[in-house]
Amino acid sequence: MTVLVIGATGELGRATVSALSAHYDVLGVSRSTDPSVNLTEPETLDALFANHDPFEAVVVLSGAVPFAPLAELSREDFQTGFTSKFLGQVEAVQRGVAHVVDGGSFTLVSGILSDHPVPGSAAASSINSAVNGFVVGAAPQLPRGIRLNAVSPTVVTESVRYHEAFRGFEQIPAAQVAQWVLRSVAGEQTGQIFRAGW
Ligand SMILES: NC(=O)c1ccc[n+]([C@@H]2O[C@H](COP(=O)([O-])OP(=O)(O)OC[C@H]3O[C@@H](n4cnc5c(N)ncnc54)[C@H](OP(=O)(O)O)[C@@H]3O)[C@@H](O)[C@H]2O)c1
């Protein structure tokens, strides 16, 4: 059986595909792959699920969040971020649940900003908290022993573009975040927020 990784071409996605591939068949997708999945167009998910045998696990490692001073964050900024990182992941679970095997799992991604903000992170911090809240609220309601967790990384060593904003934060390699995803997929826990590196 196969693990589906959405956001597979990104920094965390590539490391996760590599870590999972030692143990599972992995199908990695994003907007730029074939098949293509765009989490802001959730019908693309339906098309993928309709054309594939049920998955052992679904992992989501995508989602864009805006960074700007609070006074400059518009309603549209919040809506765009919530649509991409929050609703995209919610819909991956809602639309995917019928296409995951008994005892399978979902692993979503949030981030350290839910608890430790940086300048400009009001939207990102809100969205990460919403993802964590969804995991806590939805996990007990999933059928057939299907589990749901989030991995919440600190800033990643390879993501150099974030380092200036995350001054003073300990960094961890993407490969270490990938081990937390593997632990979520392979383990038995549900409703957990796995803090990777903090
Ligand atoms: N990197 C870090 O330090 C860090 C720390 C904490 C949390 N996070 C969170 O982890 C997640 C991934 O971060 P990353 O640094 O790995 O990002 P990244 O390198 O920018 O990669 C993003 C991945 O998601 C895909 N993607 C983007 N929009 C998509 C959409 N609408 N539908 C489907 N796929 C989409 C991208 O591929 P395409 O462009 O081909 O679609 C790519 O595969 C984000 O939610 C981020 O907030 C990252």
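Our subject is the structure that appears above.
Residues numbered from 1 in each chain as written. Predicted model: local features only at pLDDT ≥ 70, side-chain atom pairs only at ≥ 80, totals over all residues. Heavy atoms only, no water.

**What about the pairing of strand β4 (residues 100-109)?**
Selection criterion: Working definition: with a 1.4 Å probe on protein chains only, accessible area under 20% of the residue-type maximum means buried, over 50% means exposed, and in between means partly exposed. Runs of E in the DSSP output that reach at least two residues are strands. Runs of H or I that reach at least four are helices, and both are numbered from the N terminus. For two strands to pair, DSSP has to find at least two bridges joining them. A right-handed crossover is one whose linking path, passing over the helix from the first strand to the second, runs clockwise when the strands point away from the viewer.
For β4, the buried fraction is high: eight of the 10 residues fall into the buried class. Sheet topology note: the strand β3 (residues 55-60)/β4 ladder contains four bridges and is parallel. Along β4, the bridge assignment pairs A57 with S105. For the handedness criterion, the β-α-β arrangement of β3, helix α3 (residues 75-96) and β4 is classed as right-handed. Note: β4 against strand β5 (residues 147-153), five bridges, orientation parallel. Its bridge partner lying in β5, V109 is registered against V151.

**Here's the deal with the pattern of salt bridges**
Stated precisely, the cut-off is as follows: Every case where a carboxyl oxygen of Asp or Glu lies within 4 Å of a side-chain nitrogen of Lys or Arg is listed as a salt bridge.
In total, this model carries six salt bridges according to the counting rule given. As a salt-bridge pair, E11 and R14 come within 3.0 Å of each other at their nearest N and O atoms. Pair noted here: E11 and R14 are both in helix α1 (residues 11-21), with a separation of three residues, about one helical turn. Relative accessible area serves as the criterion here: at 44%, R14 is assigned to the partly exposed category.

**Quick notes on α3**
For the record, the criterion: The reported bend at a residue is simply the angle between two axes, fitted to the 7 residues ending at it and to the 7 residues beginning with it. Throughout, a contact is declared for two residues whenever any of their heavy atoms are within 4.5 Å.
Largest kink in α3: about 40°, centred on T83. The set of residues buried in α3 consists of G81, S84, K85, F86, G88, Q89, V90, A92, V93 and G96. At its buried positions, α3 is contacted by α2 (43-50), β3, β4, α4 (122-138) and β5.

**Notes on unusual backbone geometry**
The bulk of non-glycine residues show a negative phi, and the bulk of peptide bonds are trans. Geometrically, the link from D34 to P35 is a cis peptide bond, its omega value of 5° lying close to zero. If you trace the backbone, P35 turns up in the loop between β2 (25-29) and α2. Positioned with a positive phi, R144 is a non-glycine residue whose angle comes to about 50°. With a relative accessible area of 38%, R144 lands in the partly exposed category.

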